[in-house]
Amino acid sequence: MARHWLFCMCLGVVLPICTFGVVKACPSFPEQPVAKAVTVDGVEKLQRVVRSAQPDTVVLLVPGEYKLTSTITVRADHLTIRGLGDACSDVIIAGAGMNNPDYGGAPHGIWTDASGLTVQNLTIRDFYQHGIVLNPGAESPTFQNIRILDTGKQLIKANPSGFGDGVDGGLVENSVFAYTEGPPMIDRGGGTGYTNGVDVHAGANWVIRNNHFENFHAPDHADHLWAPVVLMWNGARNTVVENNSFVNVDRAIAFGLLDRPMDHSGGVIRHNRVDYAEGLYSAQRRRGSDGSIIVWSSPGTIVEGNEVFTRGNLNRSIEFRFDTSGAKAINNTIDAPIGTRDGAVYEGAGNRLVRE
């Protein structure tokens, strides 16, 4: 698989951010309380400041690499961690490597069960497990203008307390999520190929917009061949996934994944673009494929204005499965059919099947 250069945005200006010449404008960040701003210039000070932080603290990281020997654990509400560089590549929070089981005390980049965590303008990379872990209590997290690269499992993982009871109100925008040379093939529990970009169990009202996702494609010998990049399930609801780009992924977006009532409900998937390189999948892989955007056990979901160019790698562009009552597919541009199975229904209008 070809390697592409991965860039990102910075505070208040436009820089080259992604692959294929994609450039997106970056909104200004909201005002932060300066009285509690602390500037750090090394990993020991970073850990010390975060451990002792009071609510509403802003931790500012000067440019450089922060090589972790323990996961950054956030217990203070409304903590902001922000890089001070001109681009998010200027500040790097790094682990020991996604394929290195000798990760010391840092299996993850950031872990929190506190509400209102904000992470901005930096890179998180090379962790054996997850880039960012959100445990119950971590309501309303915000991630803007970041890169997360090369982690062993999920790049952002939001865990639940139970079905339908998870981390609510997340915002992920203007960021890059990628594997520079493809997902890892070490079984960390759950099988090989078990990775996602944003994996949210049971969360309500997430918005995931203006991001770029690339190289989430496992080889044919992996245990998991169809891991979605954006996965909203286990009772998640009212998700908005819009204006994102996906390149060479196994599945791009999944609202729901299992045959159970309301695995996801409501929400909208709109104005995303999904691109596959010709010949990415083997013939056997293609025969077993379904859709790049899947709506499974997710009634009331709207799929609107997306562009999906499978280039012969998938049997379907969009698939509805199980209970999808009230779902719609509107004005999508696709090069493979929209399909249904296992009793699914949807209302279609204005969809265009094209050759690209």
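Refer to the structure printed above.
First, a word on what this report is: a plain description of the structure on this page.

### Side note on the overall build of the protein
In terms of regular secondary structure, the protein is built from two helices and 35 strands. Considering only residue pairs separated by 6 or more positions, the protein has 70% of its internal contacts joining residues 24 or more positions apart. Carbon and sulfur atoms provide 49% of the accessible area of the protein, an area that totals close to 13300 Å².

### Observations concerning the pairing of strand 16 (residues 198-201)
Side chains of strand 16 alternate between two faces, with V198 and V200 and D199 and H201 buried alike. Judged from the three bridges that link them, strand 13 (residues 156-158) and strand 16 form a sheet pairing that is parallel. Within strand 16, the position partnered with I156 by the bridge is V198. Strand direction decides the pairing type here: strand 16 and strand 19 (residues 228-233), joined by four bridges, are parallel. Opposite V200, over in strand 19, you have M232 as the bridge partner.

### Digging into the sheet that holds strand 15 (residues 176-178)
The sheet built from eleven strands is open, its strands ordered 3-6-9-12-15-18-22-26-29-32-35 with parallel pairing. What marks the edges here is a single partner per strand, and that holds for strand 3 (64-67) and strand 35 (352-353). Where strand 22 (residues 245-247) and strand 26 (residues 273-275) come together, three bridges link them in parallel fashion. Following the sheet pairing, S245 is matched in strand 26 by R273.

### Structural notes on the sheet that holds strand 16
The sheet built from ten strands is open, its strands ordered 4-7-10-13-16-19-23-27-30-33 with parallel pairing. In this open sheet, the two edge strands, each paired with only one partner strand, are strand 4 (70-74) and strand 33 (338-341). Taking each pair of neighbouring strands and ignoring which way they run, the sheet shows an average axis angle of 15°. Bridge analysis of strand 7 (residues 105-112) against strand 10 (residues 132-134) gives three bridges, and the strand direction is parallel. Counted as the bridge partner of W111 is V133 from strand 10.

### Quick notes on the pattern of salt bridges
This model, assessed by the stated rule, comprises 17 salt bridges. The partner of R311 in a salt bridge is D275, with the nearest N and O atoms 3.0 Å apart. Within this pair, whereas R311 is found in the loop between strand 29 (307-309) and strand 30 (318-321), its partner D275 is found in strand 26, the two being separated by 36 residues in sequence. Note that R316 is salt-bridged to E319, the shortest N-O span being 2.6 Å. Owing to a relative accessible area of 1%, E319 belongs among the buried residues under this scheme.

### Concerning helix 1 (residues 43-52)
Those residues of helix 1 not exposed but buried are L46, Q47, V49 and V50. The buried residues of helix 1 occupy one face: seen down the axis, they fall within an arc of 165°. Across from the buried face of helix 1, at angles greater than 90 degrees, the exposed residues are E44 and R51. In this fold, the buried residues of helix 1 make contact with strand 1 (37-40), strand 2 (58-61), strand 3 and strand 4.

Rules and cut-offs
- Residues numbered from 1 in each chain as written.
- Predicted model: local features only at pLDDT ≥ 70, side-chain atom pairs only at ≥ 80, totals over all residues.
- Heavy atoms only, no water.
- Helix = DSSP H or I, 4+ residues; strand = E, 2+ residues; numbered from the N terminus.
- Contact = heavy atoms within 4.5 Å.
- Areas by Shrake-Rupley, 256 points an atom, 1.4 Å probe, with all protein chains shown as cover.
- Buried < 20%, exposed > 50% of the residue type's maximum accessible area, 1.4 Å probe, protein only.
- Pairing = 2+ DSSP bridges.
- Axes fitted to C-alpha atoms, helices over the stretch in contact; angles between N-to-C directions.
- Salt bridge = Lys/Arg side-chain N within 4 Å of Asp/Glu carboxyl O.
- Arc of directions from axis to C-beta.

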